[in-house]
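Summary of structural features
Residues per chain, in single letters:
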Amino acid sequence: MNPVRRQLHPEERALLDFLLSTDFPGRDELKKQTENITVVGECKCGCGTIKLQVDPNCVAAKLEKSIPIEAYGEALDVLLFAAAGFLGMLEIVFYADPPEKPYPRPEHLRLWPRPHASTH
Ligand SMILES: [Zn+2]
């Protein structure tokens, strides 16, 4: 991770909004956290994964999973990580290691909330 300190880019904001557009336990608190959020790290490999920091005064979300929501597209996954109820990372995983890594757009993705009874 390269340390940075910046606001979300519009395409990152769109992806985050998309991930939080479906209902799951703790979603409302996470959505609130995105109102005051800072990007504090960027992956060096060019995949677009970013580390997030929320206002420490935000209300923590009561989450059942450290990855409460993910989305998948063609040969890629988008994972939203939260630690102790606070947004921590927006990870983009490319499976085929393509030479170009366009930033994932909501219209190319399908949401997948973790099933409640999942064992992993
Ligand atoms: Zn990367």
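Here we summarise the structure given alongside this text. (Residues numbered from 1 in each chain as written. Predicted model: local features only at pLDDT ≥ 70, side-chain atom pairs only at ≥ 80, totals over all residues.)

Some remarks on the sheet that holds strand 5 (residues 76-83)
- In space, the seven strands of this open sheet follow the order 1-2-3-6-5-4-7, with antiparallel pairing throughout. Only two strands of the sheet have a single neighbouring strand rather than two, namely strand 1 (2-6) and strand 7 (110-113). Averaged over all pairs of adjacent strands, the angle between strand axes in this sheet comes to 20°, irrespective of strand direction.
- Pairing of strand 1 with strand 2 (residues 37-42), which is carried by three bridges, proceeds in the antiparallel orientation. Counterpart to N2 in the pairing with strand 2 is E42. (Pairing = 2+ DSSP bridges. Helix = DSSP H or I, 4+ residues; strand = E, 2+ residues; numbered from the N terminus. Axes fitted to C-alpha atoms, helices over the stretch in contact; angles between N-to-C directions.)

A closer look at unusual backbone geometry
- Phi angles above zero are rare outside glycine, and A75 is one such case at about 60°.
- Relative to the helices and strands, A75 resides in the loop between strand 4 (69-73) and strand 5.
- We classify A75 as exposed; it has 11 C-beta atoms within 10 Å.
- The phi torsion at A84 lies on the positive side, around 50°, for a residue other than glycine. (Buried ≥ 20, exposed ≤ 12 C-beta atoms within 10 Å, placed from the backbone.)

Overview of the nonpolar core
- L19, A82, L87 and L90 are the most contacted members of the largest nonpolar core, which has 20 residues in total.
- Once residues within four sequence positions are removed from consideration, L87 is found in contact with L30, Q33, I37, L52, V54 and A82. (Core = buried A, V, L, I, M, F, W, Y, C linked by C-beta atoms within 7 Å. Contact = placed C-beta atoms within 7 Å.)

Brief notes about the environment of L19
- Inspection of the secondary structure puts L19 in helix 1 (residues 10-19).
- With 60 residues separating them along the chain, L19 and L79 place their C-alpha atoms 8.9 Å apart.
- Aside from chain neighbours lying at most four places away, what touches L19 is I69, A71, V78, L80 and L111.

Remarks on helix 1
- By the burial criterion, the buried members of helix 1 are L15, L16 and L19. An end-on view of helix 1 places all buried positions within 100° of arc, on one side of the element. (Arc of directions from axis to C-beta.)

Concerning the environment of K51
- If you trace the backbone, K51 turns up in strand 3 (residues 50-54).
- Classification of K51 by C-beta neighbours within 10 Å gives buried; the count is 20.
- C-alpha separation for the pair K51 and I37, spaced 14 residues apart in sequence, amounts to 10 Å.
- Discounting residues that sit within four places of it in the chain, K51 has contacts with M1, V40, G41 and M89.

Structural notes on the pairing of strand 3
- In terms of burial, strand 3 is a largely internal element, four of the five residues being buried.
- Of the pairings in the sheet, the one linking strand 2 to strand 3 comprises five bridges and is antiparallel in character. Within strand 3, the position partnered with T38 by the bridge is Q53.
- Bridge count for strand 3 against strand 6 (residues 86-94) is two bridges, and the pairing is antiparallel. Each bridged residue has a counterpart across the sheet, and for K51 the counterpart in strand 6 is M89.

Honestly, it's all geometry; don't read function into it.
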